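Understanding the architecture of this molecule
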Amino acid sequence: FPGNFHNCILPQNNVYYHSTVLLVFQGLFCPKGGILLKVAGIVAEYNPFHNGHAHQIERTRAADNGCGATHVVAVMSGHFVQRGEPAFLEKHVRARAALSGGADLVLELPLAFACAPAQRFGLGAVYVAEKMGCVDMLSFGSESGDTARLEQAAAVLDTPQFREALARGLES
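For clarity, every value in this text was computed on a predicted model and none was experimentally measured.

Turning to the overall build of the protein chain, a few remarks are in order. Looking only at helices and strands, one finds six helices and seven strands in the protein chain. Ordering the α and β elements of the protein chain from the N terminus gives β-β-β-β-α-β-α-β-α-α-β-α-α. Per-residue burial over the protein chain gives 34% buried out of 172 residues. Taking the contacts inside the protein chain whose residues are at least 6 apart along the sequence as the reference set, 64% of them involve residues at least 24 apart. Carbon and sulfur atoms make up 57% of the accessible area of the protein chain, which totals about 10,600 Å².

Below, the structure is given as structure tokens:
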């Protein structure tokens, strides 16, 4: 069993339970030494998993104009999704769909983050990915696909002027 998960019980169909975290393994995961790995994390609900999600994973792996990831880790909401409603499909079904669609590992986002507003949902998922110690990049999809426009928006959000204006707006 890979990793430091001492309290895992009942391995069944590549599904391992560790406290509140669902781990679904497929293939190699984060070996130390030997192969050069490039691990990408994806924050997801997969409610349900669809062709757009499979395309994102495919592009994340692509070396030509993609991330060139060797492995893809999805941090996915469990039985409940961001708006606090029950997921359309059971979490194990969605995790298996993600594996069939190209993910190598699916981790369950703890409920406190999964049902929270977008910022906390994202923060929790990125925290889980970061604590794995082997995720090199995050992959995300967008409706527009316009990378330049997204980078421009991110640059504006990362300025002192924006943070000050936001703080003033929140005070009123």
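As a working rule, side chains carrying opposite charge can pair if their charged atoms are close by. Scanning all chains against the criterion turns up five salt bridges. For Asp 104, the salt bridge is made with Arg 61, and the minimal N-O distance between the two is 2.5 Å. Linking Asp 104 in the loop between α2 (91-100) and β6 (105-109) with Arg 61 in helix α1 (residues 51-61), this pair joins segments that are 43 residues apart in sequence. Salt-bridge contacts for Lys 91 lead to Glu 108; the nearest nitrogen and oxygen are separated by 2.8 Å. With Lys 91 in helix α2 and Glu 108 in strand β6, this pair connects stretches of sequence that are 17 residues apart. Exposure class is identical for Lys 91 and Glu 108. Each is buried. Among the charged side chains, a salt-bridge network with shared partners connects Glu 45, Arg 83 and Glu 85.

Within strand β5 (residues 71-77), seven of the seven residues are buried, which leaves it mostly tucked inside the rest of the structure. Judged by which residues are buried, β5 turns out to be covered on both faces: His 71, Val 73, Val 75 and Ser 77 on one side and Val 72, Ala 74 and Met 76 on the other are all buried. Where strand β4 (residues 39-44) lies against β5, six bridges are found, and the strand directions are parallel. Bridge pairing in β5 places Ala 40 opposite Val 72.

The rules behind each value
- Residues numbered from 1 in each chain as written.
- Predicted model: local features only at pLDDT ≥ 70, side-chain atom pairs only at ≥ 80, totals over all residues.
- Heavy atoms only, no water.
- Helix = DSSP H or I, 4+ residues; strand = E, 2+ residues; numbered from the N terminus.
- Buried < 20%, exposed > 50% of the residue type's maximum accessible area, 1.4 Å probe, protein only.
- Contact = heavy atoms within 4.5 Å.
- Areas by Shrake-Rupley, 256 points an atom, 1.4 Å probe, with all protein chains shown as cover.
- Salt bridge = Lys/Arg side-chain N within 4 Å of Asp/Glu carboxyl O.
- Pairing = 2+ DSSP bridges.

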